[in-house]
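Breakdown of the fold
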Amino acid sequence: MDNKKYIALTFDDGPSDTTTLQVLDKLKKYGVVASFFLIGENMTPERAHIIKEEIAHGCDIQNHSLTHSDMREFNKETILAEIKETSRRIVEYTGKEPTFFRPPYIYVNDLMMDTIPLIFISGYNGLDWDPEVPASERARLIIEGARDGAVILLHDLEGNDATVEALDTIIPTLLREGYEFVTITELFDRAGINYQNAKREVYSYTDQ
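Residues numbered from 1 in each chain as written. Predicted model: local features only at pLDDT ≥ 70, side-chain atom pairs only at ≥ 80, totals over all residues. Heavy atoms only, no water.

**Concerning the nonpolar core**
What counts, and what does not: In this text, buried Ala, Val, Leu, Ile, Met, Phe, Trp, Tyr and Cys residues form a nonpolar core when linked through side-chain atoms within 4.5 Å. Any residue under 20% of the maximum accessible area for its type is buried, any over 50% is exposed, and the rest in between are partly exposed; the area is computed with a 1.4 Å probe on protein chains only. Starting at the N terminus, helices and strands are each numbered in turn, a helix being any DSSP run of H or I of at least four residues and a strand any DSSP run of E of at least two. In what follows, residue pairs with any heavy atoms lying within 4.5 Å of each other are defined as contacts.
In this structure, I7, L9, L27, F36, I152 and L174 are the most contacted members of the largest nonpolar core, which totals 37 residues. Counting residues per element, this core draws most heavily on helix α6 (residues 161–176), at seven residues. Look past the residues within four positions of I152 in its chain and what remains in contact with it is I7, A8, L9, T10, Y124, I142, L174 and F181. Ranked by size, the runner-up nonpolar core spans 13 residues in total, among them Y6, A8, F100 and I119.

**Here's the deal with the pattern of salt bridges**
As a reminder of what qualifies: Salt bridges are identified by distance alone: a Lys or Arg side-chain nitrogen within 4 Å of an Asp or Glu carboxyl oxygen.
Scanning the entire structure with this criterion turns up 16 salt bridges. For E92, the salt bridge identified is with R88, shortest N-O distance 3.2 Å. With E92 and R88 both in helix α3 (residues 76–94) and four residues apart, this pair spans about one turn of that helix. The class of R88 is partly exposed, set by a relative accessible area of 43%. D114 is the salt-bridge partner of R200, the closest N and O atoms lying 2.8 Å from each other.

**Let's talk about the packing of helix α1 (residues 19–30) against helix α2 (residues 48–56)**
Test applied: To obtain each axis, a line is fitted to C-alpha atoms, and for helices this fit is confined to the stretch in contact; angles are then taken between N-to-C directions over 0 to 180 degrees. Note on terminology: angles under 35 degrees are roughly parallel, angles over 145 are roughly antiparallel, angles of 65 to 115 are roughly perpendicular, and the others are oblique. In this scheme the handedness of a crossing depends on how the near helix is turned from the far one: anticlockwise by less than a right angle means left-handed, clockwise means right-handed. Charged residues are taken to be Asp, Glu, Lys and Arg, nonpolar residues to be Ala, Val, Leu, Ile, Met, Phe, Trp, Tyr, Cys and Pro, and polar residues to be all remaining types, Gly included.
Across the interface, α1 lies against α2 with an axial gap of 11 Å and an inter-helix angle of 20°. Considered as vectors, α1 and α2 are oriented roughly parallel to each other. Where α1 crosses over α2, the two elements pack in a sense that is left-handed. On the side of α1, the interface is formed by T20, L21, L24 and K28, while α2 contributes I50, E53 and E54. Here the contact of α1 with α2 is built from residues that sort into three nonpolar, one polar and three charged.

**As for the packing of α1 against α6**
Their axes nearest at 10 Å, the elements α1 and α6 cross at an angle of 20°. Comparing the axis directions of α1 and α6 gives the class roughly parallel. In the packing of α1 onto α6, the handedness of the crossing is right-handed. Counted together, T19, Q22, V23, K26, L27, K29 and Y30 of α1 and D161, V164, L167, D168, I171, P172 and L175 of α6 form the full contact between these two elements. The residue inventory of the contact of α1 with α6, partitioned by class, reads eight nonpolar, two polar and four charged.

**Overview of the side chain of N160**
For the record, the criterion: Under this definition, polar contacts are N or O atom pairs within 3.5 Å; protein pairs additionally need one hydrogen-donor-capable and one acceptor-capable atom, and for neighbouring residues in sequence, both atoms have to be side-chain atoms.
Residue position: N160 is located in the loop between β7 (150–155) and α6. Within the local environment of N160, its side chain forms a polar contact with the side chain of R138, the two groups lying 2.8 Å apart. Contact partners of N160, with chain neighbours within four places excluded, come to T19, D128, R138 and H155.

**Digging into the packing of aromatic side chains**
Threshold: Aromatic rings from Phe, Tyr and Trp, taking only the six-membered ring of Trp, are treated as a pair when their centres fall within 6.5 Å; an angle between ring planes under 30 degrees marks them as stacked, one over 60 as edge-to-face, and anything in between as tilted. Working rule: Lys NZ or Arg CZ, within 6 Å of ring centre, within 35 degrees of ring normal, means a charge sits over the ring.
Enumeration over the complete set of coordinates arrives at six aromatic pairs. Ring centres of F11 and F36 lie 5.5 Å apart, and the angle between their planes is 25°; this geometry places the pair in the stacked category. Of the two residues, F11 is situated in strand β1 (residues 5–14) and F36 in strand β2 (residues 35–38); the sequence distance between them amounts to 25 residues. The pair F11 / F36 is uniform in exposure class, with both members buried. Aromatic side chains Y124 and Y205 sit 6.1 Å apart centroid to centroid with 5° between the ring planes, which places their arrangement in the stacked category. Taken together, the residues span a long stretch of sequence, with Y124 in strand β6 (residues 124–125) and Y205 in the segment after α7 (184–190) at a distance of 81 residues. Taken individually, Y124 and Y205 each receive the classification buried, so the pair is uniform in this respect. Among the aromatic side chains, those forming a connected cluster through ring pairs are F100, F188 and Y203. When the ring centre of Y107 is taken as reference, the NZ or CZ atom of R72 above it lies at 4.0 Å. Its guanidinium or amino end placed over the ring of F37, R102 lies 4.2 Å from that ring's centre, counting from NZ or CZ.

So, in structure tokens, the structure goes:
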């Protein structure tokens, strides 16, 4: 029986020109992987090397919409266009179709659920989109919320230095507590969850 504890470290809103590379440096420093939920509009030819570096390190690339809009305001055709174009760019840069979707702002409605053929992901967070929250508080919230099968939600948006700093506490602490960092794909594979049997909800934990 597998008694290990598994957790997925995920980052939203990239790729960014400097912060994403700083996050990757931390992942390499500690020998762990993460999953990046990318905004399609941020996937430019100038950032192709960043995306390739994420892949080379064994990380996952997943869908976070094309324009990071409140998709509850969109009709079916616009929702599909947002998802398809982002997925197309992900395939172009990585060769792999994304299987997970994180809704912008975690705003969801029935039309989105009915239309988007991906597993919806949220995650528990460290309030790291708020510049007023210091690195120490971000780290505390993530460490205290950790449990087997959890998805950590952080952001590699440009200039988010406090999250980069917090990783120097989050990663080694959770490693000491016996967690293994895996991609979102591996986390859900280990839990036996796929698109066909996934619940109609937004996942933060595989056992919810």
